[in-house]
Amino acid sequence: MTRKVILAGLAGVLAVGISCSDSSTGPGQLREEDSLTFLSPAPDLPPFPVTTVSFFAVRDENREVRLFYAKRPGDLDSTEFVRFEIPGGALTSGPNGAPLVGDSILITLTISDPSRLIVSFEPAGLRFARPARLRIKYAEADDDFNHDGSVDSEDSSDEDEFFIWRQEQVGQPWVRLGSVRVKDQKEVEAEIDGFTNFAIAF
């Protein structure tokens, strides 16, 4: 990759206002669950109307699925919570590398912990030949990100440290993914290569 291409890519990122968070704990960093702070829904937000959604991923087709926050009284539409996109050609095998039966597989997303906005993906062990894209929006999360009882400058600083984290199984440590935060859309994005539990945390 030439220097000119690299500079052009960086200019494009800056032009659309995407903020990549940076910290001393890079992608792949392991953290125990009790050392992470997870987001929570806004106190006045009604419960999620739907906590599970399923769809068929097809071998050579682009597919996407979404989950939504509850609609507030008076709002015309619900706010998007999760968007998951699988590119064509990503689906080449079943869970844990087993041969794929047919040309599709049923995928299920579940908000497994609504209080911490944790989403679980099934079937467990599914891997992709090409990365899929996960977007988690926190527009309807509690603005008191650190749960200290007040919304202040500390919460703004904490927002700069938002990343998507994954956990292979309940009780295991969480792993930080390389993430991009789109501040004006209150969204964090990451590429994923397989299924597990996911959440925004810092």
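Here, residues in each chain are numbered from 1, in the same order as that chain's written sequence. Predicted model: local features are reported for residues with pLDDT of at least 70 only, side-chain atom pairs are reported and counted for 80 or more only, and whole-chain, interface and lining totals are derived from all residues. Excluding hydrogens and water, the side-chain values take into account all heavy atoms of the structure.

Before going further, it helps to examine the pattern of salt bridges. Salt bridge, as applied in this entry: a Lys or Arg side-chain nitrogen positioned within 4 Å of an Asp or Glu carboxyl oxygen. For the structure shown, the criterion picks out 15 salt bridges. Glu33 is the salt-bridge partner of Arg116, the closest N and O atoms lying 3.3 Å from each other. In this pair, Arg116 is assigned in the loop between strand S5 (104-113) and strand S6 (118-122) and Glu33 in the loop between strand S1 (30-31) and strand S2 (52-58), connecting sequence segments 83 residues apart. When accessible area is computed with a 1.4 Å probe and restricted to protein chains, residues below 20% of their type maximum are described as buried, those above 50% as exposed, and intermediate ones as partly exposed. Judged by relative accessible area, Arg116 falls into the partly exposed class, the value being 26%. Judged by its relative accessible area of 28%, Glu33 falls in the partly exposed class. A salt bridge links Asp160 to Arg181, with the nearest nitrogen and oxygen atoms 2.8 Å apart. You can see Asp160 sitting in the loop between helix H2 (153-159) and strand S8 (163-167) and its partner Arg181 sitting in strand S10 (residues 179-182), a full 21 residues away along the chain. The secondary structure listing takes helices from DSSP runs of H or I that are at least 4 residues long and strands from runs of E that are at least 2 residues long, numbered from the N terminus.

Time to look at the sheet that holds strand S11 (residues 187-194). Across a sheet, paired strands are connected by hydrogen bonds in the backbone, their directions being either parallel or antiparallel. The pairing criterion is simple: DSSP has to find at least two bridges between the two strands. One open sheet holds the five strands; their spatial order is S3-S4-S7-S11-S10, and the pairing between them is antiparallel. Each end of this open sheet is capped by a strand with a single partner; those strands are strand S3 (63-68) and S10. On average, each strand axis in the sheet is inclined to that of its neighbour by 20°, with strand direction left out of account. Lines are fitted to the C-alpha atoms to define the axes, a helix being fitted only along its stretch in contact, and any angle between axes, read from their N-to-C directions, falls within 0 to 180 degrees.

The subject of this paragraph is the environment of Ile192. One can find Ile192 in strand S11. The class for Ile192 is buried, based on a relative accessible area of 4%. Sequence separation of Ile192 and Pro131 is 61 residues, and the distance between their C-alpha atoms is 5.3 Å. A contact between two residues is defined here by any heavy atoms of the two lying within 4.5 Å. Dropping the residues within four chain positions of it, Ile192 is found in contact with Phe84, Phe128, Pro131, Ala132, Leu134, Leu177 and Phe198.

Attention now goes to the packing of aromatic side chains. Between 30 and 60 degrees the pair is tilted, below 30 it is stacked and above 60 it is edge-to-face, where a pair is any two Phe, Tyr or Trp rings, Trp via its six-membered ring, whose centres lie within 6.5 Å. Considering all chains together, one arrives at 14 aromatic pairs under this definition. Aromatic side chains Phe84 and Phe128 sit 6.4 Å apart centroid to centroid with 45° between the ring planes, which places their arrangement in the tilted category. A residue pair is termed long-range when its members are at least 10 positions apart, and Phe84 in strand S4 (residues 80-86) and Phe128 in strand S7 (residues 127-137) qualify at 44 residues. Every member of this aromatic cluster is reached through a ring pair, and the members are Phe84, Phe121, Phe128, Phe195 and Phe198. The lysine or arginine in question, Arg116, covers the ring of Phe38, its NZ or CZ lying 4.9 Å from the ring centre. Over the aromatic face of Phe163 sits the side chain of Arg176, whose NZ or CZ is 3.7 Å from the ring centroid. Any Lys NZ or Arg CZ that is within 6 Å of a ring centre and within 35 degrees of that ring's normal is treated as a charge sitting over the ring.

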